Amino acid sequence: MDDITKVVRDYVIREYLEEGDDREITETTRLITGGIVDSFSMVSLKRFLEKKYTIRIPDADATPDAFDTVQSIVGLVQRFQKTAPVGA
Amino acid sequence: MSHLAQYEEVTAKSYEEVCMEFDWSIAEHELDYKRGEPINIGWMCSDRICCLGMADKVALYWEDYRGNKQRFTFDDVRVLSNTFAQFLCDLGIQPGERVCLFMDRVPELYIGFLGILKTGAVAQPLFSAFGDESLLVRLQNAETSAIITQKKHVHKARKVREQLPGLRHIILVDADRTQVPPREVAFHMESAPRVEDFPVYPTTAESPSVLHYTSGTTGQPKGAQHVHYSVVSQYLTAKWVLDLRPDDIYWCNADPGWVTGTSYGIIGPWSNGTTQVVLDSGFNAERWYDFLEKRRVSVWYSAPTAIRLLMKEGTEIVRRHDLSSLRYLASVGEPLNAEAVLWSQEAFGKPFHDTFWQTETGCIVITNFPGMKVKPGSMGRPFPGIAATVLDTKTYEPITKTGAAGLIALRPGWPSQIRGYWKNDVGFKAKFKNGWYLCGDRASIDSDGYFWFMGRDDDVINTGGHLVGPFEIESALLEHPAVSESAAVAKPDSVNMEVVKAFVTLKRGYQPSDDLELEIMNHIRKRLSPLAMPQEIEFVDSLPKTRSGKIVRRVLRCKEFNEPVGDLSTIMDD
């Protein structure tokens, strides 16, 4: 598991999975569709990613689809890491 | 006039005629209810439907995000709600006691709701995404006796249990009997011995039925207390406004943790003997369209936030699905903007019909009827039997000038109006002026009698169709060690209409930072709910206050909406 995948997965487990929810979070577990992260909570996950990776994810790209799995989130982060970092 | 819903076009004259002739006894007659006799929503929505010859008709198709499916006939709903009721009676639950439902949209939520009502107890549904603090204040206020929940949510009940001396039972619907710790009990609805006959408690019209919590500007959330007679309104409005017909497949997107999910996600459709479908899944456009197509949904009751999310996905995705089964679309939760109405016309070939109501009204009160000319962006006209107007903000007299803004007000007396706020008579009385019930919203009325929403008349934040009280958020913000003072206000949002924004001053030793902002956001999300989580936190040196030291949210809110602040003479200079 690469670093971004691990960071995102660990953060989702720590922050969004409720105690006692024994679902395993894999790279393809449905986060939005599965009700683990909702559209409101997505904002705090987006903030975390922007802060952690010093990127800016435009609201238009922060869709429920883009946040639906750890895999798609990693793809989103990598896409914006390729663009100029914030403040550069 | 019971065919109002089937009129191709309701002319102004026919609408007037309907209103003139209208009496709620129309619904009483159709429900075969005679005043003074017992009336029980649990029985009305299950046993009665079976007695009408629909025992084998499907009441509920349920599906979750994993594709798990279940199907229940009205006879299943009757027997399983009996089973639920018997289980609660065996636990010692008495009529009038509050039993909380704290679950995702699983079948046990829908059927357990009827089971609670059959015992004469009061159903207290709560949104399962609530954090432990939100749960605590609502259970404390209601002095709840039992909570029915799932393994994934039970930790929140365990966390607050010691502060709830009245909470005698924690009931788990998905736990293995052998895994349940002491002081908790497992109940597996489908494997429990089926109870064919249950003596439904003879509740009467004014017996308490449902306790829904709603937020106000001040203080903690208020328990809106409904009664069994409410079914009269919910039955008829579901039939006339949502146009439910015998062969319909109906989908209501709302979660029964909120009033739409009980009034029109359980009581309205099932009292009409309508088949409904439930998708226990978060938002996903592809998944939703698949569900509409596969389940052949004909009547869809959604919300502006969901519609705007679908709009973002465009119309191409709509064309990839066969949605020809859709016959009627309606929306609730917040004003439906004109763009959304026009988009639905383009995407589905029919408009979403806006409906206006609230927790306290229990049923739709202002609406666009089927067949009625929809004015995109308008709330529509009052339901027959509802006297609605707008009042002058100072005199509380009805405004007669066309197009002038005022407070939306209703003449009390319709069947599903709440009978009070739980243990809060002062708060309830404050909702009435000059004999009118004040909704807390502002609107104008045009020359055709259509209402046009203008905004809230208080500091309550309407986010994604749910009301969030600033006081609750501010109290939770102050629990964070870094926060000295706080104010929570609405901020405009293109999808949710409004979202929460918090203004915060920090205690000595703390500095504003992105880390701190995220920490505070997550603190509120977990303590209260994702809805209450500020989507933005602005760290400020001071907050605007009156000379007596009261924080003036109005100033902050106006700034967010780019509106004039108005009179600032009472604001203290720094």
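Keep in mind the model is a prediction, meaning the values are calculated, not measured.

(A) A look at the overall build of chain B. Counting its regular elements, chain B contains 18 helices and 27 strands. Its C-alpha atoms give chain B a radius of gyration of 23 Å, within 12% of the compact-globule value 25 Å for 574 residues. Structurally, chain B occupies a C-alpha span of about 70 × 65 × 50 Å along its principal axes. For chain B, the residues scored as buried account for 53% of the 574 residues in total.

(B) Summary view of the interface of chain B and chain A. Listed by partner, the interface residues are 22 residues for chain B and 21 residues for chain A. If you list the elements that add at least two residues to the side of chain B that touches chain A, you get helix H8 (151–160) and helix H17 (514–527) of chain B. Residues of the side of chain B that touches chain A, tallied by class, amount to nine nonpolar, seven polar and six charged.

(C) Quick look at the sheet that holds strand E12 (residues 299–302) of chain B. Residues and elements named next belong to chain B. Taken in spatial order, the nine strands line up as E2-E1-E11-E10-E12-E13-E14-E15-E16 in an open sheet, and their pairing is mixed. Looking at which strands have only one partner, the edges of the open sheet turn out to be strand E2 (69–73) and strand E16 (381–382). One ladder, built from five bridges, connects strand E1 (residues 58–64) with E2; its direction is antiparallel. Along E2, the bridge assignment pairs Tyr-61 with Arg-71. Relative to E2, helix H5 (residues 74–91) is tilted by about 90°, and along the sheet it contacts E1 and E2.

(D) The arrangement of helix H3 (residues 70–81) of chain A in detail. A rise of 1.5 Å per residue sets the reference length of H3 of chain A, with its twelve residues, at 16 Å; its end C-alpha atoms lie 16 Å apart and thus fit the reference within 8%. The secondary structure elements touched by the buried residues of H3 of chain A are helix H1 (3–15) of chain A.

(E) Seen up close, the domain arrangement of chain B. Residue and element names in this part refer to chain B. What the domain assignment lists for chain B is domain 1 (4–193 + 206–437) and domain 2 (461–561). For domain 1 and domain 2, the distance between their C-alpha centroids amounts to 29 Å. Contact with domain 1, which involves 23 residues of that partner, is made by 19 residues of domain 2. Elements with a contribution of two residues or more to the side of domain 1 that touches domain 2: helix H7 (132–142) and helix H12 (304–313). Looking at the side of domain 1 that touches domain 2 element by element, the count peaks at four residues for H12.

(F) Representation of the environment of Glu-286 of chain B in the model. Residue and element names in this part refer to chain B. Mapped onto the fold, Glu-286 is located in helix H11 (residues 285–294). Exposure remark for Glu-286: the 13 C-beta atoms within 10 Å place this residue in the partly exposed category. Taking C-alpha positions, Glu-286 is 40 Å from Ala-409, a pair spaced 123 residues apart along the chain.

(G) Structural view of the pairing of strand E26 (residues 497–506) of chain B. Residue and element names in this part refer to chain B. Where burial is concerned, most of E26 is hidden: eight out of the ten residues are buried. Sheet topology places E26 next to strand E27 (residues 536–539); four bridges connect them, and they run parallel. Bridge assignment links Val-504 to a residue of E27, and that residue is Phe-539. A crossover links E26 with its parallel partner E27, the connecting element being H17, and its sense is right-handed.

(H) Expanded view of the nonpolar core. Formed by 185 residues in total, the largest nonpolar core has its most connected members in Val-99, Ile-148, Val-365 and Ile-473 of chain B. Looking at which domains feed residues into this core, each of domain 1 (4–193 + 206–437) and domain 2 (461–561) of chain B supplies at least three.

(I) Broad picture of the pairing of strand E25 (residues 483–493) of chain B. Residue and element names in this part refer to chain B. For E25 and E26, the ladder comprises ten bridges, and the chain directions are antiparallel. In the sheet register, Ser-486 faces E26, and the bridge partner there is Val-504. Where E25 folds back onto E26 in an antiparallel hairpin, the turn is made up of three residues.

(J) View of the environment of Val-227 of chain B. Residue and element names in this part refer to chain B. Relative to the elements of secondary structure, Val-227 occurs in strand E9 (residues 222–227). Judged by the 23 C-beta atoms lying within 10 Å of it, Val-227 is buried. Distance from Val-227 to Pro-208, taken between C-alpha atoms, is 4.3 Å for residues 19 residues apart in sequence. Filtering out sequence-adjacent residues up to four positions away, Val-227 remains in contact with Ala-205, Glu-206, Ser-207, Pro-208, Ser-209 and Arg-419.

Parameters at a glance
- Residues numbered from 1 in each chain as written.
- Chains lettered and ligands numbered in written order.
- Predicted model: local features only at pLDDT ≥ 70, side-chain atom pairs only at ≥ 80, totals over all residues.
- Helix = DSSP H or I, 4+ residues; strand = E, 2+ residues; numbered from the N terminus.
- Rg over C-alpha atoms; globule rule 2.2 N^0.38 Å.
- Buried ≥ 20, exposed ≤ 12 C-beta atoms within 10 Å, placed from the backbone.
- Contact = placed C-beta atoms within 7 Å.
- Nonpolar A, V, L, I, M, F, W, Y, C, P; charged D, E, K, R; others polar.
- Pairing = 2+ DSSP bridges.
- Axes fitted to C-alpha atoms, helices over the stretch in contact; angles between N-to-C directions.
- Expected span 1.5 Å × (residues − 1).
- Domains from an automatic or database assignment.
- Right-handed = clockwise from strand over helix to strand, strands pointing away.
- Core = buried A, V, L, I, M, F, W, Y, C linked by C-beta atoms within 7 Å.

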